[in-house]
Amino acid sequence: MKTDNLTSSFLALRDKLHKSALRFLKNDEDARDALQDTFFNLWRNGNVETEAEARNKLFVVLRNICIDRLRKPQILSLDESNIYRLEVNPESFEYVRNLESLLIAGLTYIQRQIYCYVTHDGMEYEDIAGILDMSVEAVRMNMSRARKKIRDNFNHLAK
C-alpha cells in the first residue's frame, strides 16, 4: 500500500529529516513545519510505490521545501523592525494598518493568509480549508499559532 511505505519510511527517517531541515532553516519550528509539509505533499500525491522511492522522495521534497522557504522574503521580527516610526494618531487609518503590520510580523505565509481570511474577510475555517486545500484542524492550528504570535507581539509593544 502506498501510504504504508511512505508512513513507515517517514517514521524511520524522521530524525534524519529533521536534522537535514535544521541545517537548511536554522530554526526548529520552521524545520518541523517543513517536515509536516513534506509528508503532507507526498501523502496527498500518493504516488509512492516502494520504501526506497519513499526515502528518496522524502529527502528531495524536504530539500525543495526548505529552499522555497529560504527564498521567500524574510519577515523582520519586532526587534529588527523600526517600530518608532509608527505615527501615534489613533484616528488615522494608516496608524491602524501600521499597527496591524507590526502585530502580524513574524507570521508564516500560511498563517498570514488564514489570519486575513478570518479577520478581514470573515470566512469560516471550513471555507478556508477548502481554499487552501488543508484540513480544518490544520487551519485551526495555524490560526491558533497566529493569534499567539500576535498576542506576543502586542505584549512586546506594550512594554
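Quick note: structure is the one above.
Note that the structure is a prediction, hence the values are computed from the model and not measured.

Here is what the cut-offs are and how they apply
- Residues numbered from 1 in each chain as written.
- Predicted model: local features only at pLDDT ≥ 70, side-chain atom pairs only at ≥ 80, totals over all residues.
- Heavy atoms only, no water.
- Salt bridge = Lys/Arg side-chain N within 4 Å of Asp/Glu carboxyl O.
- Helix = DSSP H or I, 4+ residues; strand = E, 2+ residues; numbered from the N terminus.
- Buried < 20%, exposed > 50% of the residue type's maximum accessible area, 1.4 Å probe, protein only.
- Core = buried A, V, L, I, M, F, W, Y, C linked by side-chain atoms within 4.5 Å.
- Contact = heavy atoms within 4.5 Å.
- Patch = residues over 30% accessible without salt bridge, like charges linked within 9 Å, V, L, I, M, F, W, Y side chains within 5 Å.
- Areas by Shrake-Rupley, 256 points an atom, 1.4 Å probe, with all protein chains shown as cover.
- Lys, Arg positive; Asp, Glu negative; His and termini not counted.
- Charge placed at Lys NZ, Arg CZ, Asp CG, Glu CD.

Engineer: Would you take a moment to explain the pattern of salt bridges for this structure?
Structural biologist: Once the charged atoms of two side chains with opposite charge are near each other, the side chains can pair. Under the criterion given, the structure shown has seven salt bridges. A salt bridge links Asp33 to Arg145, with the shortest nitrogen-to-oxygen separation between them at 3.0 Å. Of the two residues, Asp33 sits in helix H2 (residues 28-45) while Arg145 sits in helix H7 (residues 136-158), which places them 112 residues apart along the sequence. Looking at Asp33, the relative accessible area reads 10%, which means it is buried. One salt bridge in this structure joins Lys148 and Asp152, with 3.1 Å as the shortest N-O distance. With Lys148 and Asp152 both in helix H7, this residue pair falls four residues apart, about one helical turn. Since its relative accessible area comes to 47%, Lys148 is described here as partly exposed.

Engineer: So what exactly am I meant to see when it comes to the nonpolar core here?
Structural biologist: Among soluble globular proteins, nonpolar side chains are generally buried collectively. In terms of nonpolar packing, the biggest core is built from 17 residues, with Leu6, Leu17, Ala34, Leu58, Leu62 and Cys66 touching the most fellow members. Elements that contribute at least two residues to this core include exactly helix H1 (2-25), H2 and helix H3 (51-71). Not counting chain neighbours up to four residues away, the residues in contact with Ala34 comprise Leu25, Leu62, Ile65, Cys66 and Arg69.

Engineer: Teacher, can you tell me more about a positive patch on the surface here?
Structural biologist: A contiguous patch of positive charge on the surface is contributed by Lys16, Lys19, Arg23 and Lys26. Mapped onto the elements, Lys19 comes out in helix H1.

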